[in-house]
Amino acid sequence: MTDEPKLESDAGNSEGIGVREPIFPPWTDHLVKLLGLGGAFSGAYVAILAIFGLSPYMIAIGYMPKQVVSYDHSLHAGELGIDCRYCHTTVEYAAFAAIPPTQTCMNCHDKIFKTSPKLAPVRESYASGEAVEWTKVHDLPGYVYFNHSAHVTRGVSCVSCHGRVDRMEEVFQQEPLSMGWCLDCHRAPAKNLRPVRISEVDALVAQGLLEAPPPSKSGIPANRRLLDDARVTNLGWGQDLSKSDREKIGQVLLAERGLVDGGGNPTVRFDTLTSCSTCHR
Amino acid sequence: MPRWIYTAIILVNLVMIIPPVLIYKARSTKSRQPRIHLFPDMDNQKRFKEQQANPLFADGRAMRLPAAGTVARGELFSDDHYYRGRTSDAWATAFPQQVTVNADLVDRGRDRYGIFCTPCHGISGHGDGMIKLRSESLEQTWEILDLNTQKARDYPVGHIFNIMTNGINTMPPYRSQIPVEDRWAIVAWVRALQYSQAVEVSQLPPDVQGALRARKPRDENPKDVMPTDVKPIDQQPKGTKPGGK
């Protein structure tokens, strides 16, 4: 561009040099390369932003609605050790885990903290019969069928989907509850399975996958530990176990329940777990 | 190249850091806003889920109670013994015929007792559950019956069933929380507890008897003494949660 021929029209310009300023100065060559580089990079940039920004891990996790009563799960379920099923009574029998009626709160709170202002909505509800308006935290889309009892009674613990609710002062969504996340477990459920019967705990202890309960001081066999190991609502269970141990435990449980034979081959059709109509019916 | 181009490139790059930072912040913090529905079609359908509010009805509930004065098939509950623990005009002293008392029933009872009864009555029934301890530390406590007293031992099974169903004194009714068959299972476990807490040593299996006899009395066995540096909950400094994290 520098040795551009002199043009007629440039002849009479004021400075009389007669050389026209180039339209594209030399540095534009570098700029074109830079723009190309930037264009290529911005494509990757937008793609990465979309993947991370629109993933269910990003848009669904962390929802923590303000509830009308500041009920503290970490106190009731954590510190005081009240079993999840004391309040969510339907979880073993029905598809949905019921939010308890006000009567359940009043089992204790007609005696403890009778005048606490925090509990005023509960007392009003108890007196009037109107429901306390709790906000649902874990809400699946309307086209998804989820059955709590099918999971809990087979040893998929609350903690697998809801996280350590016994440590949450306010309940929030801990897992994405997306289709890919559900399928991750439905394709290979062993890693989330837990014992739900004492006999299953015994089998795991016999195989060395769980520690036997320590002998009690009195010499009388202690079975409290076994009970706690078989309690599906014991949210802290298995925190100290490695992923590969959880997988092995799951495989033993599948065998105990007759779902796989001795060689680990399925005796039932596991593909129904990933069939469309299992969850979209 | 002119300076402004370099400045522009640096500025653009700085601005490009902002969206990832915002995404990271949104990912790692909690939000009062409900989840984002990218494709909202059919996520929220025009139907009611369990326990949802429905403005159509006077009480605002989508779930309906049976119409007053109606009885669903199979829900007449006419069997006094099974549903109310009564035979003719007294508390039943035996389990109803629908309930088979065996090890499975007792195991079920232990499991259900653990859920619904231990908060107040405690694991072994002495009225020392976590709610009792908590209410004592708050000085808002009430009397909880020790299930191993002679009074509780003398209750006929039908009476224990009725207490669970309808409550008694300060104890609330549990009929809405515990199904009938589980209430009978708990009765069986309460009987097992009462037996376990008052059994004669001579009736225990020989190996357990041996272990018990070999054991020193409580105050001579240093392992049984509570460590002296543990303070009761109400003497701990305020703001600490015992055992909490």
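Attention here is on the structure that accompanies the text. (Residues numbered from 1 in each chain as written. Chains lettered and ligands numbered in written order. Predicted model: local features only at pLDDT ≥ 70, side-chain atom pairs only at ≥ 80, totals over all residues.)

**Re the overall build of chain A**
Per the secondary structure count, chain A includes 13 helices and 0 strands. Helices and strands appear in chain A in the N-to-C order α-α-α-α-α-α-α-α-α-α-α-α-α. Taken over C-alpha atoms, the radius of gyration comes to 32 Å for chain A, far larger than the 19 Å a tight globule of 281 residues would show. A principal-axis box enclosing the C-alpha atoms of chain A has dimensions of 110 × 60 × 45 Å. Buried positions account for 18% of the 281 residues belonging to chain A. The long-range share in chain A, meaning contacts at least 24 apart out of those at least 6 apart in sequence, stands at 67%. (Helix = DSSP H or I, 4+ residues; strand = E, 2+ residues; numbered from the N terminus. Rg over C-alpha atoms; globule rule 2.2 N^0.38 Å. Buried ≥ 20, exposed ≤ 12 C-beta atoms within 10 Å, placed from the backbone. Contact = placed C-beta atoms within 7 Å.)

**Structural notes on the nonpolar core**
The biggest cluster of nonpolar side chains holds 35 residues, and the ones touching the most others in it are I186(B) and V187(B). Of all the elements in the fold, those that place two or more residues in this core are α4 (84–87) and α8 (158–162) of chain A together with α3 (103–116), α7 (157–166) and α8 (180–198) of chain B. In this view, I186(B) contacts G109(B), R112(B), Y113(B), C117(B) and M164(B); residues no more than four positions away in its chain are not counted. In this structure, V91(A), V196(A), V201(A) and L210(A) belong to the second largest nonpolar core, which totals 15 residues. (Core = buried A, V, L, I, M, F, W, Y, C linked by C-beta atoms within 7 Å.)

**A look at the interface of chain B and chain A**
Between chain B and chain A, the contact holds 51 residues from the first and 48 residues from the second. Counting residues per element, the ones that place at least two in the side of chain B that touches chain A are α1 (3–28), α3, α5 (130–137) and α9 (206–214) of chain B. Looking at the side of chain B that touches chain A, the element that brings in the most residues is α1(B), giving 7 residues. Looking at the side of chain B that touches chain A residue by residue, the class counts come to 23 nonpolar, 14 polar and 14 charged. (Nonpolar A, V, L, I, M, F, W, Y, C, P; charged D, E, K, R; others polar.)

**A short note on the environment of V91(A)**
Residue and element names in this part refer to chain A. Its location among the elements puts V91 in the loop between α4 and α5 (102–109). With 83 residues separating them along the chain, V91 and Q174 place their C-alpha atoms 19 Å apart. Those residues in contact with V91, other than ones at most four positions away along the chain, are R85, A97, H148, S149 and V152.

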